[in-house]
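Observations on chain architecture
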Amino acid sequence: MKGIFTNKRANFIFLLTIVVTVLLGCGAVQNNAAVTNHTGSALKTSEEVETEETGEEPANQELYIVEDLNMADETISLYSISEAKQYRYNYTMTTKFLDKYGKASMWAEFTIGSVVTIDGFLPSSGALMQVQKSDDVWVYEDLSKYTIDTEKNLIKINGSNYKITGSTKAYSDTEKILVDSIGSDDILTVVGQDKDIISIAVTTGHGFIHLTNTELFDDSMIFIGNKIVSMVNGEEVIEVPEGTYKITVANNGWGGSGDYTVVRNETTEINLDDLKGDGPSYCLITFLVTAPDTYVYIDGEQIDVTEPQYVQYGNHSLRVDCAGYNSWNKTLVVNSAEATITLALESESGETASEPWTEEPEEEEAEEESESESEEPSNNEDYDYEVDYLTTIADLLGTLND
């Protein structure tokens, strides 16, 4: 298929989130987890880390510390306590996230510093099959009354002393910190086993979001700020850090956004009927392709990328195929009147086609341009493009409804 182009900067006023692991070429899907060797601890400055690639199956019942849960590109970084290494895995909406009792839990509950076990890969995507909070550890949450003795490497909680070891990890958000940088007014989540501390996470306070009138959006995604993505499953309460969030929903032609403030230990009521807008609504999407013969499919049907497409508000499957480039499947979440999407594909050799591809001129035009020493088609300087590699939705969320 051939692409069309505009002379306007690409305006990303939509949400795009990966829900299926990127396919490697047209072959089988595998999990290329990045492994980072950690030599530091919460007691000393971490040294520079070295990264390598692995496709190893995760060891069952081994304990891991959650070091990052990126809901934008659907990856989770886990620190193996026994191996002193960090593994980064993909997960999808079919990955099971379970609490320590084996009941379904929300992604947002797996905060930095949580201790978990993992189980296997999904055969269809290569993503993790299951992540479960460990029942072999104890947890103190929202801890404000504690005493840290950095000389003796002890933390006193409820009158009992616990040991900070060379393996203890301390975090502030996703950053690793030293124990002696923790302030007396900080709120902590502390995880341990017996008398040893496994992890310490500096946290803010938490509040609650209560979703009501969810019928229009059940089984669709809800975006809470640019870090928290979850599924709407009927009326429910979601625990989130205190702060102000832009909350976005879209499904079956309906959708909208609103700003809400979550206060510590309080519940914010959100009536999703207030976000449904006028519907059913459609978005006019223009696709800019970066390579010739790119084939695009929405909900399994091939579209003509030379023409803008009207796409109903909500979640849609988006597949892109092109010979010589890595094919991929994504979920397109549509919630704006217009959008321009640049499909920047990565070649099988690892290079990215980052400039919009222009089709060759008609024969008569080619003859005219030959007089001005025109060669192979290239970008026209009259065009002004913004190319985004579509690796995360974090930046896209910031432009929603601008």
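Presented here is a report on the structure given in the accompanying data block. Remember, it's a predicted structure, so these values are computed and weren't measured experimentally.

**Observations concerning the overall build of the protein**
When helices and strands are counted, the protein shows two helices and 30 strands. Within the protein, buried positions represent 47% of all 402 residues. Across the protein, contacts joining residues at least 24 apart in sequence account for 64% of those joining residues at least 6 apart. Surface accessibility of the protein: about 20000 Å² in total, with carbon and sulfur atoms responsible for 42%.

**Topic: the packing of aromatic side chains**
Following the criterion strictly, the structure yields nine aromatic pairs and no others. Considering the side-chain rings of Tyr91 and Phe97, the 5.3 Å spacing of their centres and the 80 degrees angle between planes classify their relative orientation as edge-to-face. The residues Tyr91 and Phe97 share a single accessibility class, namely buried. A centroid spacing of 5.4 Å and a plane angle of 70 degrees characterise the contact between Tyr91 and Trp107, whose relative ring orientation is edge-to-face. On the criterion of sequence distance, the pair formed by Tyr91 in the loop between strand E6 (85-90) and strand E7 (96-98) and Trp107 in the loop between E7 and strand E8 (115-121) is long-range, its members being 16 residues apart. Here Trp107 falls in the buried class, since its relative accessible area comes to 8%. An aromatic cluster is present here, built from Tyr64, Tyr87, Tyr89 and Phe121 joined pairwise through their rings. The residue whose ring lies beneath Lys133 is Phe110, and the NZ or CZ to ring-centre distance is 5.4 Å. It is Lys276 that lies over the ring of Trp254; its NZ or CZ is 5.7 Å from the centre.

**Some thoughts on the nonpolar core**
The biggest cluster of nonpolar side chains holds 50 residues, and the ones touching the most others in it are Ile76, Leu78, Ile209, Ile224 and Ile247. Leu78 has contacts with Tyr64, Ile65, Val66, Lys85, Gln86, Tyr87, Tyr89, Val116, Ile118 and Leu128, leaving out every residue within four places of it along the chain. Ranked by size, the runner-up nonpolar core spans 22 residues in total, among them Val296, Leu318, Ile341 and Leu345.

**Some thoughts on the pairing of strand E29 (residues 328-334)**
Most of E29 sits inside the fold, with six of its seven residues counted as buried. Taken together, the seven bridges between strand E28 (residues 314-321) and E29 define a ladder with antiparallel strand orientation. Bridge assignment links Asn315 to a residue of E29, and that residue is Val333. The hairpin formed by E28 and E29 contains six residues between the paired strands, and Gly324 there has a positive phi angle of roughly 90 degrees.

**Description of the layout of surface pockets**
Roughly 1200 Å³ of volume is contained in the largest pocket. Taken together, 44 residues make up the lining of the largest pocket; nearest its centre are Ala108, Phe110, Thr111, Ile112 and His206. Every element with two or more residues in the lining of the largest pocket is listed here: strand E4 (64-70), strand E10 (138-143), strand E15 (187-193), strand E16 (196-203) and strand E20 (236-241). In terms of residue class, the lining of the largest pocket is made up of 21 nonpolar, 13 polar and 10 charged.

Thresholds, definitions, all that
Residues numbered from 1 in each chain as written. Predicted model: local features only at pLDDT ≥ 70, side-chain atom pairs only at ≥ 80, totals over all residues. Heavy atoms only, no water. Helix = DSSP H or I, 4+ residues; strand = E, 2+ residues; numbered from the N terminus. Buried < 20%, exposed > 50% of the residue type's maximum accessible area, 1.4 Å probe, protein only. Contact = heavy atoms within 4.5 Å. Areas by Shrake-Rupley, 256 points an atom, 1.4 Å probe, with all protein chains shown as cover. Phe/Tyr/Trp six-rings, centres within 6.5 Å; stacked < 30°, edge-to-face > 60°. Lys NZ or Arg CZ within 6 Å of the ring centre and 35° of its normal. Core = buried A, V, L, I, M, F, W, Y, C linked by side-chain atoms within 4.5 Å. Pairing = 2+ DSSP bridges. 1 Å grid on protein atoms, 1.4 Å probe; cavity = no way out; pocket = protein on both sides within 12 Å on 5 of 7 lines; lining within 4 Å. Points joined across faces, edges and corners; volume = space filled by probe spheres on them. Nonpolar A, V, L, I, M, F, W, Y, C, P; charged D, E, K, R; others polar.

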